[in-house]
Amino acid sequence: MKRIALLVILAIVAFGVLVIRYSGGRTVTSTGENRSTTSRDGTTIAYTKRGSGPPLIIVDGAFCYRENGPATELACLLAQHFTAFTYDRRGRGGSGDTAPYTVEREIDDLRAVATEAGGTPFVLGISSGGALTLQAVASGIDVKKIALYEPPYMADGNGPRSFEDAKNRLQSLVTAGDRAGAVRFFMTDVYGAPRAFVLAMPFLMPNAWRRNKLVVHTTPYDLTILGDRSVLNERRASIPVPALVIGGEKSPKELRDAVAAVASALPNAHSRFLPGQDHNISGPALVPVLFEFFGASQVQSCVASR
């Protein structure tokens, strides 16, 4: 029991450091060019442009948007050699949200940002943002290369993991107005975070908790995207571009297996695992790998977002 308690405390401290690192100081929206575009269904999509060079779009995962998650650090580092675009996926931050939700509408959002970027962009998809990236490329969005960080196409003993029950539960909680309950459910039952950590998070990390509650209604969108595995099966031939699927050596086995499975499924992909990393990726650990894959020189120090 003492060992379990120690592990929980260490997890809380580690996550707290991560949140402080990603939430402190100036944000992407206060250091880049803030703009907006309009998706096909009329939804406003807010984005930030930063740096110069070939266009590179970052596609966030669950809970994340320009003011929440690793986008600040990643955009700062990537902007040394690329024109980095971060955007708020629909229903988050400065972007609108037109009902009903469909994956096709999210693809149109990314297509609108790619049009603003111009040319043929590189794309980095993080977690479920990697799954959205695959859907977009399979649907015809023209990209040069894609890098995916731990797209969570996880499996269980009966085959591919189903998210239908979790999606329905999340939708019920949000409809009932229990956003805190929805965050707790997603973080424990879907993400697998320790329950003690999730219970302590509102007190230890109130800003991160508040931001998660603001966008928890979009977590069923992520699960809807992940529920369609056709991009790894019958539609995989529609994703011929070079792809790098990246994972952390310290991530759970289910995520590491998902990285290997995605890389094996795509026609022009390979996988790479980063020592010392888990699902909460460090920018300085990830960006040099991206520079190598996308064809840029080595990363320099980046302090603009501090």
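It should be noted that the structure appears before, not after, this text.
The rules behind these values
- Per chain, the residues get numbers from 1 upward, laid out in the order the sequence is written.
- With the structure being a predicted model, the display of local features is reserved for residues of pLDDT at least 70 and the display and counting of side-chain atom pairs for 80 or more, all residues being used for whole-chain, interface and lining totals.
- With hydrogens and water stripped out, all remaining heavy atoms of the structure feed into the side-chain values.
- Think of a nonpolar core as a cluster: buried Ala, Val, Leu, Ile, Met, Phe, Trp, Tyr and Cys residues, connected wherever their side-chain atoms sit within 4.5 Å.
- Under the scheme applied here, a residue whose accessible area is under 20% of the maximum for its type counts as buried, over 50% as exposed, and between as partly exposed, the area being computed with a 1.4 Å probe on protein chains only.
- Helical segments are the DSSP runs of H or I of at least four residues, strand segments are the runs of E of at least two, and each set is numbered from the N terminus.
- Between any two strands, at least two bridges found by DSSP are needed for them to pair.
- Assignment of crossover handedness uses the view with strands pointing away from the viewer, where a clockwise path from the first strand over the helix to the second indicates a right-handed crossover.
- Only C-alpha atoms enter the line fits that serve as axes; for helices the fit covers just the stretch in contact. Angles between N-to-C directions range over 0 to 180 degrees.
- Should an angle fall under 35 degrees it is called roughly parallel, over 145 degrees roughly antiparallel, and 65 to 115 degrees roughly perpendicular, with every other angle called oblique.
- What makes two residues a contact is simply this: any of their non-hydrogen atoms within 4.5 Å.
- Put simply, Ala, Val, Leu, Ile, Met, Phe, Trp, Tyr, Cys and Pro go in the nonpolar bin, Asp, Glu, Lys and Arg in the charged bin, and everything else, Gly too, in the polar bin.
- The rule for a salt bridge is simple: a side-chain nitrogen of Lys or Arg has to be within 4 Å of a carboxyl oxygen of Asp or Glu.
- Each aromatic pair joins two rings of Phe, Tyr and Trp (for Trp, the six-membered one) with centres within 6.5 Å, and gets the label stacked for planes under 30 degrees apart, edge-to-face for over 60, and tilted for any other angle.
- Only Lys NZ and Arg CZ are tested; either one counts as a charge over a ring when it is within 6 Å of the ring centre and within 35 degrees of the ring normal.
- Helix span, as expected, comes to 1.5 Å for every residue beyond the first.

**A few points about the nonpolar core**
Nonpolar side chains tend to gather and get buried jointly when the protein is soluble and globular.
Stage number 1. One finds Ile-57, Tyr-87, Leu-134, Ile-146 and Ile-239 to be the most contacted residues of the largest nonpolar core, which totals 63 residues.
Stage number 2. The dominant element in this core, judged by the number of residues it contributes, is helix H7 (residues 179-190), at seven residues.

**Here's the deal with the pairing of strand S3 (residues 55-59)**
Stage number 1. Burial within S3 is extensive, with five of its five residues counted as buried.
Stage number 2. Here S3 shows a buried face lined by Pro-55, Ile-57 and Val-59 and a second buried face lined by Leu-56 and Ile-58.
Stage number 3. Taken together, the four bridges between S3 and strand S4 (residues 83-87) define a ladder with parallel strand orientation. The residue bridging Ile-58 from the neighbouring strand is Thr-86, located in S4.
Stage number 4. Between the parallel elements S3 and S4, the chain passes through helix H3 (residues 71-78) in a crossover that is right-handed.
Stage number 5. Here four bridges tie S3 to strand S5 (residues 122-126), and the two strands are oriented parallel to one another. Within S5, the position partnered with Val-59 by the bridge is Gly-125.

**Section: the packing of helix H8 (residues 195-204) against helix H9 (residues 206-215)**
Stage number 1. Interhelical geometry of H8 versus H9 gives an angle of 110° and a closest axis separation of 6 Å. On the basis of their axis angle, the class for H8 and H9 is roughly perpendicular. Together, Val-198, Met-201, Pro-202, Phe-203 and Leu-204 of H8 and Pro-206, Ala-208, Trp-209 and Asn-212 of H9 make up the contact between the two elements.
Stage number 2. Classifying every residue of the contact of H8 with H9 gives eight nonpolar, one polar and no charged.

**Regarding the pattern of salt bridges**
Pairing between side chains of opposite charge can happen when the charged atoms of each approach one another.
Stage number 1. Inspection of the entire model under this criterion finds 15 salt bridges.
Stage number 2. Salt-bridge contacts for Asp-222 lead to Arg-89; the nearest nitrogen and oxygen are separated by 3.0 Å. Placement of the pair is Asp-222 in helix H10 (residues 219-226) and Arg-89 in the loop between S4 and helix H4 (103-117), with a sequence separation of 133 residues.
Stage number 3. On the basis of relative accessibility, which here comes to 1%, the residue Arg-89 falls in the buried class.
Stage number 4. With its nearest N and O atoms 3.1 Å apart, the salt bridge here joins Asp-222 to Arg-92.

**Points about the packing of aromatic side chains**
Stage number 1. All chains considered together, the criterion is met by eight aromatic pairs.
Stage number 2. Taking the centre distance of 5.6 Å and the plane angle of 80° together, the rings of Phe-82 and Phe-122 count as edge-to-face. Separated by 40 residues along the polypeptide, Phe-82 in the loop between H3 and S4 and Phe-122 in strand S5 bring together distant segments of the chain. This pair shows no difference in class: Phe-82 is buried, exactly as Phe-122 is.
Stage number 3. Taking 3.9 Å as the distance between ring centres and 5° as the angle between the ring planes, the aromatic pair formed by Tyr-101 and Tyr-221 counts as stacked. Placement of the pair is Tyr-101 in the loop between S4 and H4 and Tyr-221 in helix H10, with a sequence separation of 120 residues.
Stage number 4. Judged by relative accessible area, which is 18%, Tyr-101 ranks as buried.
Stage number 5. Taken together through their ring pairs, the aromatic side chains of Phe-82, Phe-122, Phe-291, Phe-293 and Phe-294 make up a single cluster.
Stage number 6. Positioned above the aromatic ring of Phe-293 is the side chain of Lys-145, whose terminal nitrogen or guanidinium carbon lies 4.9 Å from the ring centre.

**Topic: unusual backbone geometry**
Stage number 1. The residue after Ala-99, namely Pro-100, is reached through a cis peptide bond having omega -5°.
Stage number 2. When you line up the elements, Pro-100 lands in the loop between S4 and H4.
Stage number 3. Positive phi outside glycine occurs at Ser-127, with the angle close to 55°.
Stage number 4. Of note, Ser-127 is situated in the loop between S5 and helix H5 (128-138).
Stage number 5. Its identity is not glycine, yet Glu-150 carries a phi of approximately 45°, on the positive side.
Stage number 6. The topology assignment puts Glu-150 in the loop between strand S6 (146-149) and strand S7 (155-156).
Stage number 7. With a relative accessible area of 0%, Glu-150 lands in the buried category.

**A few points about H4**
Because an α-helix completes one turn every 3.6 residues, residues spaced three or four positions apart along the sequence face the same direction.
Stage number 1. For H4, with 15 residues, the first-to-last C-alpha span of 21 Å sits near the 21 Å given by 1.5 Å per residue.
Stage number 2. Turning to H4, its buried residues number three or more, namely Val-103, Glu-106, Ile-107, Asp-108, Asp-109, Leu-110, Ala-112, Val-113, Ala-114 and Ala-117.
Stage number 3. Of the residues trailing H4, Gly-118 is marked for its positive phi of about 80°.

**Things to note about the pairing of strand S9 (residues 243-248)**
Stage number 1. When you tally the buried positions in S9, you get six out of six residues, the bulk of the element.
Stage number 2. With burial as the criterion, each face of S9 is covered, one bearing Ala-243, Val-245 and Gly-247 and the other bearing Leu-244, Ile-246 and Gly-248.
Stage number 3. By the bridge criterion, four bridges tie S6 to S9 in an arrangement that is parallel. Note on S9: the bridge partner recorded for Ile-146 is Ala-243.
Stage number 4. One crossover worth recording links S9 to the parallel strand S10 (residues 269-274) by way of helix H11 (residues 253-265), and it is right-handed.

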